[in-house]
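# Remarks on the overall topology
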Amino acid sequence: MTDQESTVEVEGQDQQDEGEIAADYIEALLDIADLDGDIEIEQTETRTTIVVGEAGDDLAGLAKPEVVAALQELTRLAVQQQTGEFSRLVLDVAGSRDARAEELQSLVDGAVAAIENGQQRVALEPMSSYERKLVHDLVREAGLSSDSEGEGAGRHIVVLPA
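Residues numbered from 1 in each chain as written. Predicted model: local features only at pLDDT ≥ 70, side-chain atom pairs only at ≥ 80, totals over all residues. Heavy atoms only, no water.

What follows deals with the sheet that holds strand E6 (residues 122-123). Spatial strand order, E6-E8-E7: three strands in an open sheet with antiparallel pairing. The open sheet has two edge strands, E6 and strand E7 (145-149), and neither has a second partner. Of the strand pairs in this sheet, E7 and strand E8 (residues 156-160) are connected by five bridges, and their pairing is antiparallel. Residue Ser146 lies in a different strand from E8, and its bridge partner there is Val159. Helix-sheet contacts for helix H4 (residues 129-141) involve E7 and E8, and the interaxial angle to E7 is about 160 degrees. (Pairing = 2+ DSSP bridges. Helix = DSSP H or I, 4+ residues; strand = E, 2+ residues; numbered from the N terminus. Contact = heavy atoms within 4.5 Å. Axes fitted to C-alpha atoms, helices over the stretch in contact; angles between N-to-C directions.)

Put into structure tokens, the structure is as follows:
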């Protein structure tokens, strides 16, 4: 069996591994765009992360948050098309995940400061479910509470006093 034929056992069926499908999809996109990047698959029990590392400055344009989000959604759809299962994979292009985590920490820090200055609630920008989970965790670590509000692309977090 080759790497491209890697399978996992899922409820009695062989199914190609979502990480391999996603990596192949991203590799094909990079080839089309004539970009170089090293692709790694990080897998936990709950989530697969595809890390596209830099092989030069080629990936800077792809590391923008809105581009990463779009590529991640396209990759999830490609995986879903082949597996028939919803994919929760995360895409990290040239350190974009860490950069976004720092941005989210800054948002939370600003919300914490506003609450400490007497504001009763601070609504943050809409973000993905993965980012909302990170923010909920950061808010809880800061000793405050948070709720998600809104629907679809407008779903966002509201930070509240504890």
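Turning next to the confidence of the model for the chain. On average, residues of the chain carry a pLDDT of 87, and 88% of them reach 70 or more. Confidence over residues 1-15 falls short of pLDDT 50; this stretch has 21 contacts with residues more than four positions distant or in other chains. (pLDDT = per-residue confidence, 0-100.)

Glancing now at unusual backbone geometry. Even without glycine at this site, Asp34 takes up a positive phi of about 55 degrees. Following the sequence through the fold, Asp34 ends up in the loop between helix H1 (18-32) and strand E3 (37-43). Classification of Asp34 as exposed rests on a relative accessible area of 66%. If you check the backbone angles, Ala94 has positive phi at about 50 degrees while not being a glycine. Among the secondary structure elements, Ala94 is positioned in the loop between strand E5 (90-93) and helix H3 (96-116). The class for Ala94 is partly exposed, based on a relative accessible area of 22%. (Buried < 20%, exposed > 50% of the residue type's maximum accessible area, 1.4 Å probe, protein only.)

Another point: a negative patch on the surface. A surface patch of like charges, here negative, comprises Glu27, Asp31, Asp34, Asp36, Asp38, Glu40 and Asp58. For the negative patch, the secondary structure elements donating two or more residues are H1 and E3. One can find Glu27 in helix H1. The exposure class of Glu27 is partly exposed, given its relative accessible area of 42%. (Patch = residues over 30% accessible without salt bridge, like charges linked within 9 Å, V, L, I, M, F, W, Y side chains within 5 Å. Areas by Shrake-Rupley, 256 points an atom, 1.4 Å probe, with all protein chains shown as cover. Salt bridge = Lys/Arg side-chain N within 4 Å of Asp/Glu carboxyl O. Lys, Arg positive; Asp, Glu negative; His and termini not counted. Charge placed at Lys NZ, Arg CZ, Asp CG, Glu CD.)

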